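Reading the structure
For reference, the chains in residue letters:
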Amino acid sequence: MAATTAERQETIKEIVCDILEIDPDEVTQTSRFKEEHDADSLRAIEILASLEKTFGIVINQSELGRMVNLDGVYEVVAESAGWN
């Protein structure tokens with residue numbers, strides 16, 4: 001059975017929070033990782049690698065510029081995975 005959008009978003013949020021070492025309650029769909037959660041480029045690449053592994057996809061590193069918040073990450077993952 002295919003995962004729902006909500007389940008996928010929750011998985012993505014768990015990955016991001018785990019790597020950034022932040023409480024899920026502190027993150028909104030639009031809070032910016034770098035500005036609001038002190039993420040650096042190394043953590044961004046860790047997030048990208050973890051998403052690739054979790055969802056069995058390949059994400060071009062040029063997409064990192066769009067992956068500034070949960071909405072952006074979901075959009076990039078959805079496109080890479082062909083969910084939309």
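Structure shown above.
Below: a short report on this structure. Since this is a predicted model, take the numbers as computed values, not measurements.

1. What to know about the environment of Val77
Here Val77 lies in helix α4 (residues 70-81). Judged by its relative accessible area of 0%, Val77 is buried. In the structure, Val77 is positioned 16 residues away from Gln61 in sequence and 12 Å away in space, judged by C-alpha atoms. Filtering out sequence-adjacent residues up to four positions away, Val77 remains in contact with Ile12, Leu51, Phe55, Ile57, Ile59 and Trp83.

2. Thoughts on the packing of aromatic side chains
Across all of its chains, the model carries two aromatic pairs by this definition. An angle of 80 degrees between the planes, with centres 5.2 Å apart, marks the rings of Phe55 and Trp83 as edge-to-face. Here the residue Phe55 occupies a position in helix α3 (residues 41-55), and Trp83 occupies one in the segment after α4, the gap between them amounting to 28 residues. Accessibility expressed as a relative area gives 22% for Phe55, which makes it partly exposed. Measuring from ring centre to ring centre gives 5.7 Å for Tyr74 and Trp83, while their planes differ by 35 degrees; the resulting arrangement is tilted. An aromatic cluster is built from Phe55, Tyr74 and Trp83, whose rings are joined through pairwise contacts. A cation sits over an aromatic face here: Arg8 above Trp83, 4.0 Å from the ring centre.

Rules behind the numbers
Residues numbered from 1 in each chain as written. Predicted model: local features only at pLDDT ≥ 70, side-chain atom pairs only at ≥ 80, totals over all residues. Heavy atoms only, no water. Helix = DSSP H or I, 4+ residues; strand = E, 2+ residues; numbered from the N terminus. Buried < 20%, exposed > 50% of the residue type's maximum accessible area, 1.4 Å probe, protein only. Contact = heavy atoms within 4.5 Å. Phe/Tyr/Trp six-rings, centres within 6.5 Å; stacked < 30°, edge-to-face > 60°. Lys NZ or Arg CZ within 6 Å of the ring centre and 35° of its normal.

Just geometry here; none of it tells us what the structure is for.
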